[in-house]
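Inside the fold
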Amino acid sequence: MKKYIVKRLVIAVPVLFMVSIFSFLIINLAPGNPVDLYVAPDATSEQIEATKTALGLNQPLPVQYIKWITNLIQGNLGFSYSTRQPVTAILFSRVSPTLQLMGISLIVGYLVAIPLGIYSAVKKNTWVDYFITSSSFLGVSVPNFFLGLGLIYIFALQLAWLPTGGMQILGGNGGVLERIQHLILPVIVLATSISGNMIRYVRSSMIDVLGENYLRTATAKGLKTRDILTKHGFRNALIPIITVIGMDIPKLIGGAVVTEQIFQWPGLGQLMITSINSRDYPVLMAINLLSAIAVLVANISTDILYAVVDPRIKYD
């Protein structure tokens with residue numbers, strides 16, 4: 001297993017390198033010029049050229065990329081075009097809110113999806129199964145921005161039960177209860193899309209496992225239904241479910257970008273939208289690289305979980 005993990009980490013290096021090249025090209029070849037945003041409309045050609053030099057944009061793209069990757073290897077992500085602050089400091093200030101939002105959404109989504117998926121499989125082809133399955137399709141189908149705006153309209157504007165966005169009330173104490181209040185609506189949005197997808201996979205896996213002979217034998221021996229489902233059935237249905245968990249991470253990152261923007265949650269997603277609007281290339285490159293690392297770590301973790309759940313799986 002250790003050799004496998006080291007091998008995957010070594011393979012991840014060229015993958016990240018390729019991701020950085022594609023990201024750099026896409027960002028720099030996109031329409032718009034950052035210089036236009038940082039000079040006055042009546043700026044002279046000398047002022048424009050001076051701004052290009054200050055931002056390092058007066059050099060060919062290959063030279064710019066080599067400088068960026070060299071600084072990255074030395075632990076320097078550069079400076080933001082818009083704020084002139086170190087990109088590393090900006091990222092650190094935004095990572096924690098995003099991890100809070102994504103982590104709690106994952107936990108809530110799975111806590112809802114796994115019991116409902118198992119129950120739907122046990123009650124296969126009954127009205128309960130149809131209701132849960134239909135609800136999961138609805139959860140997957142409704143776009144995050146539509147659900148978010150609907151929740152804001154009902155619970156924030158009409159009922160005034162919850163805040164419309166942000167991490168704390170202006171002038172508030174920023175305590176735990178206040179943070180929970182601000183988390184409820186964005187977590188519902190992200191957890192809905194996660195649980196809707198997971199319910200279908202849990203149900204499908206459990207239906208396959210429930211038809212196996214060893215579960216019939218366990219039933220014939222008089223074991224409790226709860227023990228049969230949790231100790232024998234669900235454990236053997238975990239492999240395809242773990243696969244979905246690994247696939248959820250990239251989707252969750254994409255969903256967080258939209259959700260953070262809707263709820264003005266000060267995380268990496270909102271920072272990405274702000275950086276796109278201000279053509280802040282160094283910040284965009286750093287966020288893309290961080291997202292790629294998160295996806296690679298999620299994939300390696302998924303492979304490790306396979307071996308933990310099923311000891312028969314061996315990695316050379």
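Residues numbered from 1 in each chain as written. Predicted model: local features only at pLDDT ≥ 70, side-chain atom pairs only at ≥ 80, totals over all residues. Heavy atoms only, no water.

Structurally, the position occupied by isoleucine 180 is in helix α8 (residues 176-210). We classify isoleucine 180 as partly exposed; its relative accessible area is 42%. Along the chain, isoleucine 180 and leucine 162 lie 18 residues apart, while their C-alpha atoms are 9.9 Å from each other. (Helix = DSSP H or I, 4+ residues; strand = E, 2+ residues; numbered from the N terminus. Buried < 20%, exposed > 50% of the residue type's maximum accessible area, 1.4 Å probe, protein only.)

Here helix α9 (residues 213-220) crosses helix α10 (residues 225-236) at 175°, and the two axes come no closer than 11 Å. Classed by the angle they form, the pair α9 and α10 counts as roughly antiparallel. Contacts between α9 and α10 pair Tyr214, Leu215, Ala218 and Thr219 from the former with Ile228, His232, Gly233 and Asn236 from the latter. Here the residues of the contact of α9 with α10 are counted per class, giving four nonpolar, four polar and no charged. (Axes fitted to C-alpha atoms, helices over the stretch in contact; angles between N-to-C directions. Parallel < 35°, antiparallel > 145°, perpendicular 65-115°, else oblique. Contact = heavy atoms within 4.5 Å. Nonpolar A, V, L, I, M, F, W, Y, C, P; charged D, E, K, R; others polar.)

Relative to the assigned elements, aspartate 280 resides in the loop between α12 (268-277) and α13 (281-309). No salt bridge is formed by the buried aspartate 280; its nearest oppositely charged neighbour, arginine 84, is found at 7.2 Å. (Lys, Arg positive; Asp, Glu negative; His and termini not counted. Salt bridge = Lys/Arg side-chain N within 4 Å of Asp/Glu carboxyl O.)

In this structure the tally under the stated criterion is one salt bridge. One salt bridge in this structure joins arginine 203 and aspartate 129, with 2.7 Å as the shortest N-O distance. With arginine 203 in helix α8 and aspartate 129 in helix α6 (residues 127-141), the pair connects residues that are 74 residues apart, well separated along the chain. Overall, aspartate 129 belongs to the buried group, its relative accessible area being 1%.

With that settled, consider the side chain of serine 205. Turning to its location among the elements, serine 205 is positioned in helix α8. Once residues lying within four places of it in the same chain are set aside, the contact partners of serine 205 are Ala237, Pro240 and Ile241.

The interhelical angle for the contact between helix α5 (residues 87-122) and α13, taken along N-to-C directions, is 50°, at an axis separation of 10 Å. As the angle between them shows, α5 and α13 are arranged oblique. At the point where α5 passes α13, the crossing takes the right-handed sense. In this structure, α5 uses Val87, Ile90, Leu91 and Val95 to contact α13, whose residues at the interface are Pro282, Val283, Ala286, Ile287 and Leu290. For the contact of α5 with α13, the residue count by class is nine nonpolar, no polar and no charged. (Left-handed = near helix turned anticlockwise from the far one by under 90°.)

What follows covers the confidence of the model for the protein. When pLDDT is averaged along the protein, the result is 83; 96% of the residues meet or exceed 70. The weakest mean pLDDT in the protein belongs to α10 at 72; the strongest belongs to helix α7 (residues 144-158) at 90. (pLDDT = per-residue confidence, 0-100.)

In this section: the packing of aromatic side chains. On inspection of all chains with the given rule, the structure shows five aromatic pairs. Taken together through their ring pairs, the aromatic side chains of Phe17, Phe24, Tyr65 and Trp68 make up a single cluster. (Phe/Tyr/Trp six-rings, centres within 6.5 Å; stacked < 30°, edge-to-face > 60°.)

Once that is clear, we can look at unusual backbone geometry. If you check the backbone angles, asparagine 125 has positive phi at about 65° while not being a glycine. Within the secondary structure layout, asparagine 125 lies in the loop between α5 and α6. In the Ramachandran plot, glutamine 264 falls in the positive-phi region, its phi being about 50° despite a non-glycine side chain. In this fold, glutamine 264 is placed in the loop between α11 (238-262) and α12. The exposure class assigned to glutamine 264 is partly exposed, which follows from its relative accessible area of 43%.

This part covers helix α4 (residues 61-73). Here α4 spans 18 Å end to end across 13 residues, near enough to the 18 Å set by a 1.5 Å rise per residue. Residues of α4 that are buried: Gln64, Tyr65, Trp68 and Ile69. Seen from one end, α4 has its buried residues packed into an arc of 125°, which puts them on one side. Of the exposed residues in α4, those oriented more than 90 degrees away from the buried face are Pro62, Ile66 and Ile73. Its buried side turned inward, α4 meets α1 (2-29) and α13. Directly after α4, the chain includes glycine 75, whose backbone phi takes a positive value near 85°. (Expected span 1.5 Å × (residues − 1). Arc of directions from axis to C-beta.)

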